[in-house]
Amino acid sequence: MKNIVLVCAAGMSTSLLVTKMRQAAEAKGEEAKIDAYSISEINTVAKDADVVLLGPQVRYQKKTVDDVVAGRIPVDVIDMTAYGTMNGEKVYAQAVELIEGNK
């Protein structure tokens, strides 16, 4: 099962995106644990993650998150258009590509 962590300023603005990503995974018949957290929780939640995706509003925190994961897992910023339109399928695909090393 994939463990996908999304982070934003407070962990709230990504909750709808998480729901849409879960629906995208389910439609593909894939199991994924997808949750959103505040950037302040990154030290705790990154430990079990397979990938960390940052909301565009916290993209300036990418280096901090990179330092926390120390190269163990991929870290990327969610595409701004996909985030703005809450395109769960596209963001889920981004996460899977990163996990599988295709990006």
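Heads up: the structure comes first, above all this text.
In this text, all values refer to a predicted model and were calculated from it rather than measured experimentally.

Peer 1: What exactly am I supposed to notice about the nonpolar core here?
Peer 2: The nonpolar side chains of soluble globular proteins are, as a tendency, buried together. Counting residues in each nonpolar core, the largest one holds 20 residues, and the members touching the most others are Ile4, Leu6, Leu17, Met21, Leu53 and Tyr92. If you list the elements that add at least two residues to this core, you get strand E1 (2-8), helix H1 (15-27), strand E3 (51-54), helix H4 (80-84) and helix H5 (88-100). Ignoring any residue separated from it by four or fewer positions in sequence, one finds leucine 6 in contact with Thr14, Leu17, Val18, Met21, Ile34, Asp35, Ala36, Tyr37, Leu53 and Ile78. Ranked by size, the runner-up nonpolar core spans 15 residues in total, among them Ile39, Ile42, Ala49 and Val52.

Peer 1: Can you walk me through the pairing of E3 in this structure?
Peer 2: Looking down a regular strand, the side chains alternate between one sheet face and the other. Here E3 shows no split at all, with Val51 and Leu53 on one side and Val52 and Leu54 on the other all buried. Considered for its hand, the β-α-β crossover made up of E3, helix H3 (residues 62-69) and strand E4 (residues 75-77) is right-handed.

Peer 1: How should the pairing of E1 be read in this particular structure?
Peer 2: The buried count for E1 comes to seven of seven residues, which makes it a mostly enclosed element. Across seven bridges, E1 lies against strand E2 (residues 32-38) in parallel orientation. Bridge assignment links isoleucine 4 to a residue of E2, and that residue is isoleucine 34. As judged from the four bridges shared by E1 and E3, these two strands associate in the parallel manner. Bridge pairing in E3 links isoleucine 4 to valine 51.

Thresholds, definitions, all that
- Per chain, residue numbering runs from 1 following the sequence as it is written.
- Where local features are concerned, this predicted model is filtered to residues with pLDDT of at least 70; where side-chain atom pairs are given and counted, the filter is 80 or more; whole-chain, interface and lining totals use all residues.
- Hydrogen atoms and water are omitted, and side-chain values are computed over all heavy atoms in the structure.
- The criterion is simple. A nonpolar core is a set of buried Ala, Val, Leu, Ile, Met, Phe, Trp, Tyr and Cys residues joined through side-chain atoms within 4.5 Å.
- Think of it in three bands: residues with accessible area under 20% of the maximum for their type are buried, residues over 50% are exposed, and the middle band is partly exposed, with areas taken using a 1.4 Å probe on protein chains only.
- Working definition: helices are DSSP H or I runs of at least four residues, strands are E runs of at least two. Numbering for both runs from the N terminus.
- The contact definition used throughout considers only heavy atoms, calling two residues in contact when any of these lie within 4.5 Å.
- By definition, the crossover connecting two strands over a helix is right-handed if that path, from the first strand to the second, turns clockwise as seen with the strands pointing away from the viewer.
- Two strands qualify as a pair provided DSSP detects at least 2 bridges between them.

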